[in-house]
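Structure at a glance
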Amino acid sequence: MSAHGGENPDVQAAIRDATYRALCRHGYHDTTIQHIADEFGKSQSLLYYHYENKQELLTDFLRHMLDDLADDLAVEGADPYGDLLPLVDRLVPVPMDDEDARFRRVVLEIRAAAPHDEAHRELVRRSDTIIRSAFADVIRRGVD
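Residues numbered from 1 in each chain as written. Predicted model: local features only at pLDDT ≥ 70, side-chain atom pairs only at ≥ 80, totals over all residues. Heavy atoms only, no water.

1. A word on a nonpolar patch on the surface
A surface patch of nonpolar side chains, about 270 Å² in accessible area, is lined by Val 88, Val 92 and Val 94. Mapping Val 88 onto the fold places it in helix α5 (residues 80–91). (Patch = residues over 30% accessible without salt bridge, like charges linked within 9 Å, V, L, I, M, F, W, Y side chains within 5 Å. Areas by Shrake-Rupley, 256 points an atom, 1.4 Å probe, with all protein chains shown as cover. Salt bridge = Lys/Arg side-chain N within 4 Å of Asp/Glu carboxyl O. Helix = DSSP H or I, 4+ residues; strand = E, 2+ residues; numbered from the N terminus.)

2. Observations regarding unusual backbone geometry
Cis geometry marks the peptide bond from Val 94 to Pro 95, where omega comes out at -5°. Tracing the backbone through its elements, the reader meets Pro 95 in the loop between α5 and α6 (98–113).

3. Section: the packing of helix α4 (residues 54–73) against α5
Two elements in contact, α4 and α5, have axes separated by 10 Å at closest approach and are oriented at 155°. Classified by the angle their axes make, α4 and α5 are roughly antiparallel. Residues Leu 69, Asp 72 and Leu 73 of α4 form the contact with α5, whose own contacting residues are Leu 87, Arg 90 and Leu 91. Class assignment of the residues belonging to the contact of α4 with α5 gives a composition of four nonpolar, no polar and two charged. (Axes fitted to C-alpha atoms, helices over the stretch in contact; angles between N-to-C directions. Parallel < 35°, antiparallel > 145°, perpendicular 65-115°, else oblique. Contact = heavy atoms within 4.5 Å. Nonpolar A, V, L, I, M, F, W, Y, C, P; charged D, E, K, R; others polar.)

4. Focus: the confidence of the model for the protein
A residue-level look at the protein finds 95% of positions with pLDDT of 70 or above and a mean pLDDT of 90. Averaged pLDDT values over the elements of the protein bottom out at 87 in α5 and peak at 97 in helix α2 (residues 33–40). Note that residues 1–5 has pLDDT below 50 and, in this model, 13 contacts with residues that lie over four places away or in other chains. (pLDDT = per-residue confidence, 0-100.)

5. Some thoughts on the packing of helix α1 (residues 9–26) against α4
Running from amino to carboxyl end, α1 crosses α4 at an angle of 100°, the nearest separation of the two axes being 10 Å. With respect to α4, the axis of α1 lies roughly perpendicular. When α1 is examined against α4, the residues Gln 12, Ile 15, Arg 16, Thr 19, Tyr 20 and Leu 23 are found in contact with a partner set consisting of Leu 57, Leu 58, Asp 60, Phe 61 and His 64. Residues of the contact of α1 with α4, tallied by class, amount to six nonpolar, three polar and two charged.

6. What about the pattern of salt bridges?
Tallied over the full model, the rule gives 10 salt bridges. Here Arg 141 and Asp 83 are joined by a salt bridge, their closest N and O atoms 2.9 Å apart. Highlighted residues: Arg 141 in helix α7 (residues 118–143) and Asp 83 in helix α5, separated in sequence by 58 residues. Overall, the relative accessible area of 11% leaves Asp 83 in the buried class. Among the ionic contacts, a cluster of salt bridges with common partners joins Arg 21, Arg 25 and Glu 39. (Buried < 20%, exposed > 50% of the residue type's maximum accessible area, 1.4 Å probe, protein only.)

7. With respect to the environment of Val 88
Val 88 gets classed as partly exposed once you look at its relative accessible area, which sits at 36%. Distance in space between the C-alpha atoms of Val 88 and Arg 111 is 20 Å, their sequence separation being 23 residues. The residues touching Val 88, leaving out its near neighbours within four places in the chain, are Pro 93 and Phe 135.

In structure tokens form, the structure reads like this:
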């Protein structure tokens, strides 16, 4: 989070939602601060009040998404097989609507760009760890 502005959870959530929509519409590389501002319905200056630049905004967006993913994949049910199916569905939904497909393309673009960006590289590592841990946990519980 930038030192420019205080954290307002409602504004931060609205910015993340706008970022998601802009990414789905324009892709990772082509999304601009202006695209996010257009989706947000506010000026670029408000985004710059909260974030230094596009990179910081996208890193915050990705970090928040990973926190949500970790929460979504943390399953402690009594039925490992019953837990495995929603886990697979969450990560590879079938059928996949257009928005899901566009966002999955964005995730692939982020992964492809991660070797050139330390913050995103670390977030990709973290996502891999979250996903592997979720599968390992449910499989371990199934074996037990």
